[in-house]
Amino acid sequence: MRLAILAAVAAVSMGLTISEGAMAGDLSASANQTFLAANAAKQGVTTRPSGLQYRVIKTGKGKTPKSADVVQVTYKGWLIDNTVFDQTQPGQTAEFPAGKLIAGWVEALSLMKEGDEWELVIPSNLAYGERGAGGGLIPPNQTLVFDMTLLKVK
């Protein structure tokens, strides 16, 4: 485990993306922990007390949603092995109630402003945990990565 963490941190320090530093196809608990540790060491990443990690790609200036609001977003979500499990299609958006999503999204949205684009790295306990989701598309205990843009608060 310690060697894997050091390898992942070294990959990040050499300028490789997190996904390039991860072992292809490895979704084990240790691979998820290695991924989280490597991402936390990446320049520009903020790690919240909950474990949520985010990196601001673009800063917006609009409203911040409250839990009762509906948000309009674009997003792409993938596992640590680069398997994309969901995304908005080009030119399309999605609308969700801001307070009725996985805990990692709820927390991130409570910090974002309209126009923000963030990369989110969501530990399993703030995502789908032991149950997984999508009929096996997201296995149990997986770290989820999202590129999300908050377009509008309704």
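If you're wondering where the values come from, they're calculated on a predicted model, not measured in any experiment. (Residues numbered from 1 in each chain as written. Predicted model: local features only at pLDDT ≥ 70, side-chain atom pairs only at ≥ 80, totals over all residues. Heavy atoms only, no water.)

Chemist: What am I meant to see in the side chain of Asp81 here?
Modeler: By the element assignment, Asp81 lies in the loop between strand E3 (70-79) and strand E4 (84-87). Buried and unpaired, Asp81 has no salt bridge, with Lys76 as the nearest side chain of opposite charge at 12 Å. There is a polar contact of 2.7 Å between the side chain of Asp81 and the side chain of Thr83. Excluding residues within four positions of it along the chain, Asp81 makes contact with Gly25, Asp26 and Leu27. (Helix = DSSP H or I, 4+ residues; strand = E, 2+ residues; numbered from the N terminus. Buried < 20%, exposed > 50% of the residue type's maximum accessible area, 1.4 Å probe, protein only. Lys, Arg positive; Asp, Glu negative; His and termini not counted. Salt bridge = Lys/Arg side-chain N within 4 Å of Asp/Glu carboxyl O. Polar contact = N/O pair within 3.5 Å; in protein donor to acceptor, adjacent residues only side chain to side chain. Contact = heavy atoms within 4.5 Å.)

Chemist: Would you mind showing me how to read unusual backbone geometry here?
Modeler: Leaving glycine out, the prevailing phi sign among residues is negative, and the prevailing peptide bond configuration is trans. A positive phi angle, close to 75 degrees, is found at Asn82, a residue other than glycine. Among the structural elements, Asn82 can be located in the loop between E3 and E4.

Chemist: Quick question: what am I supposed to make of the packing of aromatic side chains here?
Modeler: For any pair of aromatic rings, the description rests on two quantities: the centre-to-centre distance and the angle between the ring planes. One pass over the full model with this rule turns up seven aromatic pairs. For the ring pair Tyr54 and Trp118, a centre distance of 4.2 Å and an interplane angle of 10 degrees mean the geometry is stacked. Taken together, the residues Tyr54 in strand E2 (residues 53-58) and Trp118 in strand E6 (residues 117-122) connect sequence positions 64 residues apart. Each member of the pair, Tyr54 together with Trp118, is buried. Residues Trp105 and Phe146 carry aromatic rings whose centres are separated by 5.2 Å and whose planes lie at 75 degrees to one another, so their mutual orientation is edge-to-face. With Trp105 in helix H4 (residues 103-109) and Phe146 in strand E7 (residues 144-153), this pair connects stretches of sequence that are 41 residues apart. Considered together, Trp105 and Phe146 belong to a single accessibility category, that of buried residues. Pairwise contacts between aromatic rings join Tyr75, Phe85, Phe96, Trp105 and Phe146 into one cluster. (Phe/Tyr/Trp six-rings, centres within 6.5 Å; stacked < 30°, edge-to-face > 60°.)

Chemist: Looking at this structure, how should I read the nonpolar core?
Modeler: Of all hydrophobic cores here, the largest spans 26 residues; its most connected members are Trp105, Leu120, Ile122, Leu144 and Phe146. Those elements that provide at least two residues to this core are E3, H4, E6 and E7. Per element, the largest residue contribution to this core is five residues, and it comes from E7. Non-local contacts of Trp105, meaning those with residues more than four positions away in its chain, are made with Val73, Tyr75, Phe96, Leu120, Ile122, Phe146 and Met148. Residues Ala31, Phe35, Leu36 and Val145 belong to the second largest nonpolar core, which totals seven residues. (Core = buried A, V, L, I, M, F, W, Y, C linked by side-chain atoms within 4.5 Å.)

Chemist: Is there a simple way to explain the pattern of salt bridges in this structure?
Modeler: In a structure, side chains of opposite charge can pair up when their charged atoms sit close to one another. If you walk through the whole model with that rule in mind, you get three salt bridges. Residues Glu107 and Arg48 are paired through a salt bridge, measuring 2.9 Å at the closest nitrogen-oxygen approach. Residue Glu107 is found in helix H4, and its partner Arg48 is found in the loop between strand E1 (45-47) and E2; the two are separated by 59 residues along the sequence. Taking relative accessible area as the criterion, Glu107 reaches 15% and is therefore assigned buried. Overall, Arg48 belongs to the partly exposed group, its relative accessible area being 29%. As a salt-bridge pair, Arg55 and Glu119 come within 3.7 Å of each other at their nearest N and O atoms. Residue Arg55 is located in strand E2, and its partner Glu119 is located in strand E6; the two are separated by 64 residues in the primary sequence. Classification of Glu119 as buried rests on a relative accessible area of 13%.

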